[in-house]
Amino acid sequence: MDQTAPAVDWTVARDQELLRRDKRSLGQNIFAGVAQYHKAQLAGIGVTRLTVLPPGQLLPPSAAVVSNTAWEEAAQLLPLQMHWQQSMPGTFDITFSLSADAVCFGLGERFSGLNIRGAIHTLTTTDQTRHNESADAFYKAIPLCIIGSGTNYSAIFLDSSAPQRWDLDADLTALGGIELFTRRGWQLYVLGSASLPEIVAAYTELTGRGCMPPLWALGHQQCRWSYPDEATVTHIALEFRRRQIPCDTIVLDIDYMDEYRVFTTSPARFPDLKGLAEKLRQQNFKIVTIVDPGVKVDARYSIYKESVAGKFVCVNADGTPFIEEVWPGDCVFPDFSNVATRDWWGKHLEFYTSNGVAGIWNDMNEPSFFKLKNPTPKLICQMPEDADQPFFQRDSTGTVGHLEVRNLYGSLMSQSTFEGLTEVEPNKRPFVLTRSAYAGVQRYSAVWLGDNMSWWQHLELSIPMLLNMGLSGVPFAGVDVGGFAGDCSAELLVRWYETGIFYPFFRNHCRLGDRAQEPWAFGAEVERHIRSLIEVRYSLLPYIYSLFWENRDNGAPLMRPLSWHYPDDRYAIRVSDQFMFGAEILVAPILERGSVTRPVYLPRGLWHPFGGGEALQGEQLHLVHFPLGTVPAFVRDGAIIPLLSSVQSTVEYHKSDITFRVFGKTATGTFVDDDGESFGYASGQFNKWQLSYSNEQFTANSQHSGFVGSDRQYFVAAADSVRTVNLK
Ligand code: GLC
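Worth saying up front: this structure is predicted, and the values here are computed from it rather than measured. (Residues numbered from 1 in each chain as written. Predicted model: local features only at pLDDT ≥ 70, side-chain atom pairs only at ≥ 80, totals over all residues. Heavy atoms only, no water.)

**Re the overall build of the protein chain**
Thought 1: Secondary structure summary: the protein chain contains 15 helices and 43 strands in total.
Thought 2: Since a compact globule built from 728 residues should have a radius of gyration of about 27 Å, the 25 Å found for the protein chain is in line with a globular shape.
Thought 3: Counting only C-alpha atoms, the protein chain reaches 75 × 60 × 50 Å along its principal axes.
Thought 4: Expressed as a percentage of its 728 residues, the buried residues of the protein chain come to 63%.
Thought 5: Long-range pairs, those at least 24 residues apart, make up 71% of the contacts in the protein chain between residues at least 6 apart in sequence.
Thought 6: Total accessible area on the protein chain stands at roughly 25900 Å², and carbon and sulfur atoms take up 49% of it.
Thought 7: Between the averaged position of the 62 positive side-chain charges in the protein chain and that of its 80 negative side-chain charges there is a distance of 1 Å. (Helix = DSSP H or I, 4+ residues; strand = E, 2+ residues; numbered from the N terminus. Rg over C-alpha atoms; globule rule 2.2 N^0.38 Å. Buried < 20%, exposed > 50% of the residue type's maximum accessible area, 1.4 Å probe, protein only. Contact = heavy atoms within 4.5 Å. Areas by Shrake-Rupley, 256 points an atom, 1.4 Å probe, with all protein chains shown as cover. Lys, Arg positive; Asp, Glu negative; His and termini not counted. Charge placed at Lys NZ, Arg CZ, Asp CG, Glu CD.)

**Thoughts on the packing of aromatic side chains**
Thought 1: For the coordinates displayed, the defined rule picks out 49 aromatic pairs.
Thought 2: When the ring of F502 is compared with that of F581, the centres are 5.3 Å apart and the planes differ by 75°; the resulting orientation is edge-to-face. In this pair, F502 is assigned in the loop between α12 (490–500) and β28 (507–508) and F581 in strand β30 (residues 579–581), connecting sequence segments 79 residues apart. In terms of burial, F502 and F581 fall into one category: buried. (Phe/Tyr/Trp six-rings, centres within 6.5 Å; stacked < 30°, edge-to-face > 60°.)

**Regarding the confidence of the model for the protein chain**
Detail in the predicted coordinates should be disregarded across regions flagged by low pLDDT.
Thought 1: Summing up the model confidence of the protein chain, the mean pLDDT is 94 and the portion of residues at 70 or higher is 95%.
Thought 2: Within the protein chain, helix α1 (residues 16–19) has the poorest average pLDDT of any element, 42, and strand β31 (residues 585–587) the best, 99.
Thought 3: Within the model, the stretch residues 1–20 combines pLDDT values under 50 with 58 contacts to residues more than four positions away or in other chains. (pLDDT = per-residue confidence, 0-100.)

**Some remarks on the side chain of S416**
Thought 1: Structurally, S416 can be placed in helix α10 (residues 409–424).
Thought 2: Apart from residues lying up to four places away in sequence, S416 is in contact with F336, R342, W345, G346 and L349.

**A short note on the pattern of salt bridges**
Thought 1: Counting across every chain of the model gives 31 salt bridges.
Thought 2: Measuring nitrogen to oxygen at the nearest pair gives 2.8 Å for the salt bridge that ties D169 to R117. One end of the pair, D169, is in the loop between β11 (164–168) and β12 (175–180); the other, R117, is in the loop between β6 (103–106) and β7 (119–123), and 52 residues separate them in sequence. Considered together, D169 and R117 belong to a single accessibility category, that of buried residues.
Thought 3: A salt bridge links R604 to D568; the shortest N-O distance between them is 3.5 Å. Residue R604 is found in the loop between β32 (597–602) and β33 (606–609), and its partner D568 is found in the loop between α15 (562–565) and β30; the two are separated by 36 residues along the sequence.
Thought 4: For D568, a relative accessible area of 56% translates into the label exposed.
Thought 5: Through salt bridges that share partners, D127, D363, E366, R435 and D451 make up one connected network. (Salt bridge = Lys/Arg side-chain N within 4 Å of Asp/Glu carboxyl O.)

**Brief notes about the packing of helix α11 (residues 456–471) against α12**
Thought 1: Two elements in contact, α11 and α12, have axes separated by 10 Å at closest approach and are oriented at 5°. Taken as axis vectors, α11 and α12 run roughly parallel relative to one another. Packed against α11, whose contacting residues are W456, H458, L459 and I463, the element α12 presents E491, L492, R495, W496 and T499 at the interface.
Thought 2: Looking at side-chain class alone, the contact of α11 with α12 contains five nonpolar, two polar and two charged residues. (Axes fitted to C-alpha atoms, helices over the stretch in contact; angles between N-to-C directions. Parallel < 35°, antiparallel > 145°, perpendicular 65-115°, else oblique. Nonpolar A, V, L, I, M, F, W, Y, C, P; charged D, E, K, R; others polar.)

**Some words on the layout of surface pockets**
Thought 1: Volume-wise, the largest pocket comes out at about 620 Å³.
Thought 2: Every element with two or more residues in the lining of the largest pocket is listed here: α4 (273–282) and β16 (286–291).
Thought 3: For the lining of the largest pocket, the leading source of residues is α4, giving four residues.
Thought 4: Split into classes, the residues belonging to the lining of the largest pocket amount to eleven nonpolar, eight polar and nine charged. (1 Å grid on protein atoms, 1.4 Å probe; cavity = no way out; pocket = protein on both sides within 12 Å on 5 of 7 lines; lining within 4 Å. Points joined across faces, edges and corners; volume = space filled by probe spheres on them.)

**Quick word on empty space enclosed by the protein**
Thought 1: The full count for this structure, using the stated rule, is eight cavities of 30 Å³ or more.
Thought 2: Estimated volume of the largest cavity: approximately 200 Å³.
Thought 3: Taken together, 19 residues make up the lining of the largest cavity; nearest its centre are G210, C211, P213, Q442 and F476.
Thought 4: Listed by contribution, the elements that provide at least two residues to the lining of the largest cavity are β23 (431–434) and α14 (541–554).
Thought 5: For the lining of the largest cavity, a count of residues per class yields 13 nonpolar, four polar and two charged.

**Quick notes on the packing of helix α3 (residues 230–242) against α4**
Thought 1: Interaxial distance between α3 and α4 falls to 11 Å at its minimum, and their mutual angle equals 10°. Taken together, α3 and α4 sit at an angle that is classed as roughly parallel. Between α3 and α4, the residues in contact are E230, V233, T234 and A237 and L273, L276, K279 and L280, respectively.
Thought 2: Class assignment of the residues belonging to the contact of α3 with α4 gives a composition of five nonpolar, one polar and two charged.

**Some remarks on unusual backbone geometry**
Thought 1: Cis geometry marks the peptide bond from W225 to S226, where omega comes out at -15°.
Thought 2: Tracing the backbone through its elements, the reader meets S226 in the loop between β14 (221–224) and α3.
Thought 3: Backbone torsion omega between E366 and P367 reads -5°, so that peptide bond is classified as cis.
Thought 4: Here P367 lies in the loop between β20 (359–362) and α8 (376–379).
Thought 5: Notably, A174 is not glycine yet its phi reads approximately 60°, a positive angle.
Thought 6: With respect to the helices and strands, A174 occurs in the loop between β11 and β12.

**As for the pairing of strand β43 (residues 721–725)**
Thought 1: When strand β42 (residues 714–718) meets β43, the two strands line up antiparallel, connected through five bridges. Residue Y714 lies in a different strand from β43, and its bridge partner there is V725.
Thought 2: Remark: two residues form the turn of the hairpin made by β42 and β43, two consecutive strands paired antiparallel; A719 in that turn has positive phi of roughly 50°. (Pairing = 2+ DSSP bridges.)

**Description of the sheet that holds β11**
Thought 1: The strand order β4-β5-β12-β11-β7 describes an open sheet built from five strands, whose pairing is antiparallel. Of all the strands in the sheet, just β4 (83–88) and β7 have a single pairing partner and so form its edges. In this sheet, neighbouring strand axes are inclined to one another by 15° on average, regardless of whether the strands run parallel or antiparallel.
Thought 2: Summarising the sheet, β11 and β12 pair through five bridges and their orientation is antiparallel. Bridge assignment links W166 to a residue of β12, and that residue is I178.

The following block contains the structure:
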């Protein structure tokens, strides 16, 4: 959000004494409730579950866990030498050992390199305006940490929406600790040991995987806070077409609304949203609109009236609506923990779909308030008693203090949005984007990492941050290309696109009042570079789509650390500034101003520069020259990559030729095709081929056939020849 708007900071300056609480002084357990141990197999690996219920408590409904696994009673034993105790009412401590060589991944959104060991991590959803090292609570709270090295990883998933503080060996004592501040029940899962892909497969079986995204949402999205009126939006869209820069989506930020009232449009500036959407549709564009949770307090505003009359809002202790300030001024806040609220909100989304809006962007849903005082001095030691909760919500167990369920707010809002959209248009894959999230959000929404800055450091950090999001089960993620806050420079924008074309969610967005950063904002030379980079993104769409398909099968993220594919490579596990994009492409971007070379570590095998040229030998560090505008990537020898011929948007996808580009003398690949928008694939309406190449022969073996609809030609490009092929 705007740097000038005061955010609620739920964390306080760290109380060093408290953090140094001696982890070894267990044995003061005051716990008098129920603890149960169970075990099961998930995706082929062992999982142990601990269920803890303080006296008189029911287990809160889990928003994350969806698996129907049969659990067996187990002995009172947790792996990883774990111990837990309730040290005071409202606080649990969990400790575990960390072997010397273990690295830690995950915990969702972390302002950190890839290995998150050696620091304290606070999990309380926070509208974090300071994206720097002194901040450790961010928009998302995903309590999954993967611990290990090589082929031997375990994971801890603490399924509680209450605030948590994870100490991953911050004092270098080889101990990990979690402080959980809750008065309710919770469940802890320990997964493994197993390989990194197996751990993520099991975790995403437990917490679910997303549906296939609509193809259009994988194209380039252009946003700005805010395109002020319909004329500007039309102009921006037409500029993309006139300049032949591929793009699928224009995103409308808060100013499309009537004084920031959700489910309205400004009569003066956006008098005809439907007409605008139609005009853009004719140019093959989609519209996505922002929808914040705050509902303006206004006696003449029907959404406000309904929200209060229907008891759909968060309340104070006396039952009156809780009111706080956000963009519209005073607002009430839908209580998304309540199923009735989710249904009510979801039904209203018809306002957007009937006006031709294709996707919904949920923001400020930590939730973020402009005024509420910081409640953390108490929170940091224990969950407050009900009387001290800032406000209240309802879930299936009854009334609950906000802080107990705060971390769920964004996820439940996305769930409501996803379900509302599928209700209105049952056979259309929804596109939902959220800023705040809890574990399992991948079932409903894509995420972006909030208000980054137009800084080189934030470009660099986007890599490990997105890698950890992917390992935390959330594959459809990105950061604002060009940086949100501050003025972007020409060089930074081009370099950001070089990396951004590989973000699963690919959006250029920037803040009100900052320098424009549309692809043409810095003149012809920069525009030329960005155009060709976006063209590369579009050419990779068939490959990207097959990676989403893979994610659906086994939870593998699109962006993967090198050690995902090269677990026994002891150098690969330390690499934080390169990533695998699927199994076949290694990305190593320039992340420094003025730089045109960088060291690139290539794992074993032979690697082909993406743009052509001599292949490089792996298991070596290379100093590589990447002039401005280069695609900073290498393709593994032995890969077949399906590449789409040039298009301006995904509307042309099914009519455009695809070339299977063969890298090496023997190679394999996959290609999946479906309509890219309906749920038909779930009932078999898709085609899948296994591709192979050897002895100069290309073969496409059909593994599934169920989709008729693409009207295109296929080519194979191997060595120096290109020829057509038939796919049956
Ligand atoms: C928040 C969002 C940002 C958006 C702004 C105005 O800061 O993170 O993306 O542009 O609000 O809606």
